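Residues per chain are reported as follows:
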Amino acid sequence: SMKIGLRIDVDTYRGTQLGVPNLCKILAANSIKASFFFSVGPDNMGRHLFRLIRPSFLIKMLRSNAASLYGWDILLKGTLWPGPIIGERLADIIRCTFEAGHGIGLHAWDHHAWQSSIEKMDSDEIFSTLKKGVDLLSKILDRPPTCSAVPSWKANDTVLLEKSKFPFSYNSDCR
């Protein structure tokens, strides 16, 4: 029999609230376990809308019909007011995913901030954002997460060095 790994990145409040429970039902019906990597801090994904001033991004959003694909709630999260702290509001869903036997890892504290700023972050900022995520996941699970996966596959030497300070048994940071 062949063994494969199934990595599921959960980036948003809506993805955690609606997507994860539905995926867990589908996986359970097929006796499949997966590794879920959660973004647990503020859902600021709507801040990507500010990239609309770039013509190439605007064309991509119009071509993909992003508003109907993602929903306005995702497209506006964190734009006019701070985004909700996903792990605080949806801790039960994360905990239930763990209790169902799935692997749980850290994806990000703030997915948008990582995706847009990781190249500019120094080691202290990287450690701090990782620690916030690890601390909240540890509180939710009553133990530290055992793995991590960077958003948008964005990692560098500093990220890898800072991640080595956490008890991760593995990091899924490259394609």
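Treat the numbers as computed from the prediction; the structure is a model and nothing was measured. Throughout, a residue's number is its position along its own chain's written sequence, starting from 1. Per-residue local features of the predicted model are confined to residues with pLDDT of at least 70, and side-chain atom pairs are confined, for both listing and counting, to 80 or more; whole-chain, interface and lining totals are unaffected and use all residues. Excluding hydrogens and water, the side-chain values take into account all heavy atoms of the structure.

(A) The arrangement of the confidence of the model for the protein chain in detail. Across the chain, each position has a pLDDT score giving the predictor's confidence in that residue, from 0 to 100. On average, residues of the protein chain score 86 in pLDDT, and 79% of them are at 70 or above. Should any heavy atoms of two residues lie within 4.5 Å, those residues are considered in contact. Note that residues 47–52 has pLDDT below 50 and, in this model, 14 contacts with residues that lie over four places away or in other chains.

(B) View of the environment of valine 40. We count a stretch as a helix when DSSP gives it H or I for four or more residues in a row; a strand needs E for two or more, and each element gets its number in order from the N terminus. When you line up the elements, valine 40 lands in the loop between β2 (35–39) and α2 (55–64). Buried residues are those whose accessible area, probed at 1.4 Å on protein chains only, stays under 20% of the maximum for their type, while exposed residues exceed 50% and partly exposed ones sit between those limits. Given the relative accessible area of 0%, valine 40 is considered buried. Sequence spacing of valine 40 and proline 84 is 44 residues, and the spatial spacing of their C-alpha atoms is 9.6 Å. Discounting residues that sit within four places of it in the chain, valine 40 has contacts with Ile85, Ile86, Gly87, Ile94, Leu106, Ala108, Trp109, Gly133, Leu136 and Leu137.

(C) Spatial organisation of the pattern of salt bridges. A pair is scored as a salt bridge if a Lys or Arg side-chain nitrogen falls within 4 Å of a carboxyl oxygen belonging to Asp or Glu. By the definition in use, this model includes six salt bridges. Here aspartate 92 makes a salt bridge to arginine 95, at a shortest N to O gap of 2.8 Å. One end of the pair, aspartate 92, and the other, arginine 95, are both in helix α6 (residues 91–99), three residues apart, so they sit about a helical turn from each other. Here lysine 131 and aspartate 135 are joined by a salt bridge, their closest N and O atoms 2.9 Å apart. Placement of both lysine 131 and aspartate 135 in helix α8 (residues 123–141) is noted, with a separation of four residues, approximately one turn of the helix.

(D) Region of interest: the nonpolar core. In terms of nonpolar packing, the biggest core is built from 32 residues, with Phe36, Phe38, Val40 and Ile94 touching the most fellow members. Among the elements of the structure, β1 (7–10), α1 (13–29), β2, α6, β3 (103–108) and α8 are those that each provide at least two residues to this core. The element best represented in this core is α8, accounting for seven residues. Residues belong to a common nonpolar core when they are buried Ala, Val, Leu, Ile, Met, Phe, Trp, Tyr or Cys residues joined through side-chain atoms within 4.5 Å.

(E) Region of interest: the packing of α1 against α6. α6 packs onto α1 with a crossing angle of 20 degrees between their chain directions and a minimal axis gap of 10 Å. For the element pair α1 / α6, the angle class is roughly parallel. Pair α1 / α6 crosses with left-handed handedness. Residue-level contacts link Thr16, Gln17, Val20, Pro21 and Cys24 of α1 to Ile93, Ile94 and Thr97 of α6. Each residue receives one of three labels: charged for Asp, Glu, Lys and Arg, nonpolar for Ala, Val, Leu, Ile, Met, Phe, Trp, Tyr, Cys and Pro, and polar for the others, Gly being one of them. The residue makeup of the contact of α1 with α6, split by class, is five nonpolar, three polar and no charged. A fitted line through C-alpha atoms represents every axis, and for helices the fit uses only the stretch in contact; the resulting angles, taken between N-to-C directions, go from 0 to 180 degrees. Put simply, angles under 35 degrees are roughly parallel, angles over 145 are roughly antiparallel, angles from 65 to 115 are roughly perpendicular, and the rest are oblique. Put simply, a crossing is left-handed when the front helix is turned counterclockwise from the back one by less than a right angle, and right-handed when it is turned clockwise.

(F) Quick look at α6. By the burial criterion, the buried members of α6 are Ala91, Ile93, Ile94 and Thr97. Summarising the contacts, the buried residues of α6 are in contact with α1, β2, α5 (86–89), β3 and α8.

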